[in-house]
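# Per-entry structural report
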Amino acid sequence: MSAKKNTEVLIGGKKYTISGYEEEEYLQRVASYINNKLKEYNDIDSFRKLQADMKSVLLEINIADDYFKAKEQIEKLEGDNESKDQEIFTFKHDLINKQVENEELKKQLEKLENDNKELLLQKTKLEKSLEESLLGPTTSNYNN
């Protein structure tokens, strides 16, 4: 585990020292996020008129709201991701089945082609035999 670090940040115009294991850049981003929220709400007249503790509570509620919405979105995306993973698994399974089926069909086709060649050879022999039996031996056979 890395060492704990102290980082100075500016929030709402005040300097704070934040301690944590995160990098300074990350802690500055957190401070920037809070400053942006403060600016967003300080631009609202009714917010500026509230007491400091009420401003803090409203700001905390809004930050918590952002957090829960982000968490909900992450959970939805994770669910979508799981669904996509399952779909990919199914497609891969189907692809493997189709590849196996394709190989079997190739073997069947090869066997049928070989059978066809053999049948064509038998046909040729039978035709020659039939021709010889109907016409008798040809003259070319006497020359040998």
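Everything below is about the structure shown above.
Described in the following lines is the structure provided in the data block. (Residues numbered from 1 in each chain as written. Predicted model: local features only at pLDDT ≥ 70, side-chain atom pairs only at ≥ 80, totals over all residues. Heavy atoms only, no water.)

### Describing the overall build of the protein
- Scanning the protein from terminus to terminus reveals four helices and two strands.
- Shown N-terminal to C-terminal, the secondary structure of the protein runs as helices and strands in the order β-β-α-α-α-α.
- Relative to the 2.2 N^0.38 estimate, which gives 15 Å for 144 residues, the radius of gyration of the protein is 42 Å and therefore markedly larger than a compact globule would have.
- C-alpha extents for the protein along the principal axes are approximately 125 × 40 × 20 Å. (Helix = DSSP H or I, 4+ residues; strand = E, 2+ residues; numbered from the N terminus. Rg over C-alpha atoms; globule rule 2.2 N^0.38 Å.)

### Section: the side chain of Lys37
- Within the secondary structure, Lys37 is located in helix H1 (residues 24-42).
- Taking the relative accessible area as the measure of exposure, Lys37 reaches 8% and is therefore buried.
- One polar contact links Lys37 to Asp66, side chain to side chain, over a distance of 2.8 Å. (Buried < 20%, exposed > 50% of the residue type's maximum accessible area, 1.4 Å probe, protein only. Polar contact = N/O pair within 3.5 Å; in protein donor to acceptor, adjacent residues only side chain to side chain.)

### As for helix H3 (residues 52-135)
- Here H3 spans 120 Å end to end across 84 residues, near enough to the 124 Å set by a 1.5 Å rise per residue.
- Immediately downstream of H3, the backbone of Gly136 shows phi near 85°, a positive value. (Expected span 1.5 Å × (residues − 1).)

### Digging into the pairing of strand E1 (residues 5-11)
- Of the pairings in the sheet, the one linking E1 to strand E2 (residues 14-20) comprises seven bridges and is antiparallel in character. Bridge pairing in E2 places Glu8 opposite Thr17.
- Here E1 hands over to E2 after two residues, with Gly12 in that stretch at a positive phi of 60°. (Pairing = 2+ DSSP bridges.)

### Notes on the pattern of salt bridges
- The final tally for this structure, using the stated rule, is eleven salt bridges.
- For Asp65, the salt bridge goes to Lys69, with nearest N and O atoms at 3.1 Å. Linking Asp65 with Lys69, this pair stays in helix H3, spanning four residues, or about one helical turn.
- Take Asp65: its relative accessible area is 31%, and that puts it in the partly exposed class.
- Here Lys76 makes a salt bridge to Asp80, at a shortest N to O gap of 3.1 Å. You can see Lys76 and its partner Asp80 sitting in helix H3, four residues apart, about one turn around the helix.
- Salt bridges sharing common partners tie together Lys37, Glu40 and Asp66. (Salt bridge = Lys/Arg side-chain N within 4 Å of Asp/Glu carboxyl O.)

### Digging into the nonpolar core
- Formed by Val9, Ile11, Ala31, Leu38, Tyr41, Phe47 and Leu59, the largest nonpolar core amounts to seven residues.
- For this core, the elements supplying multiple residues, two or more each, are E1 and H1.
- When residues in this core are grouped by element, the largest group, three residues, is from H1.
- Setting aside residues no more than four positions away along its own chain, Tyr41 makes contact with Phe47, Leu59 and Asn62. (Core = buried A, V, L, I, M, F, W, Y, C linked by side-chain atoms within 4.5 Å. Contact = heavy atoms within 4.5 Å.)

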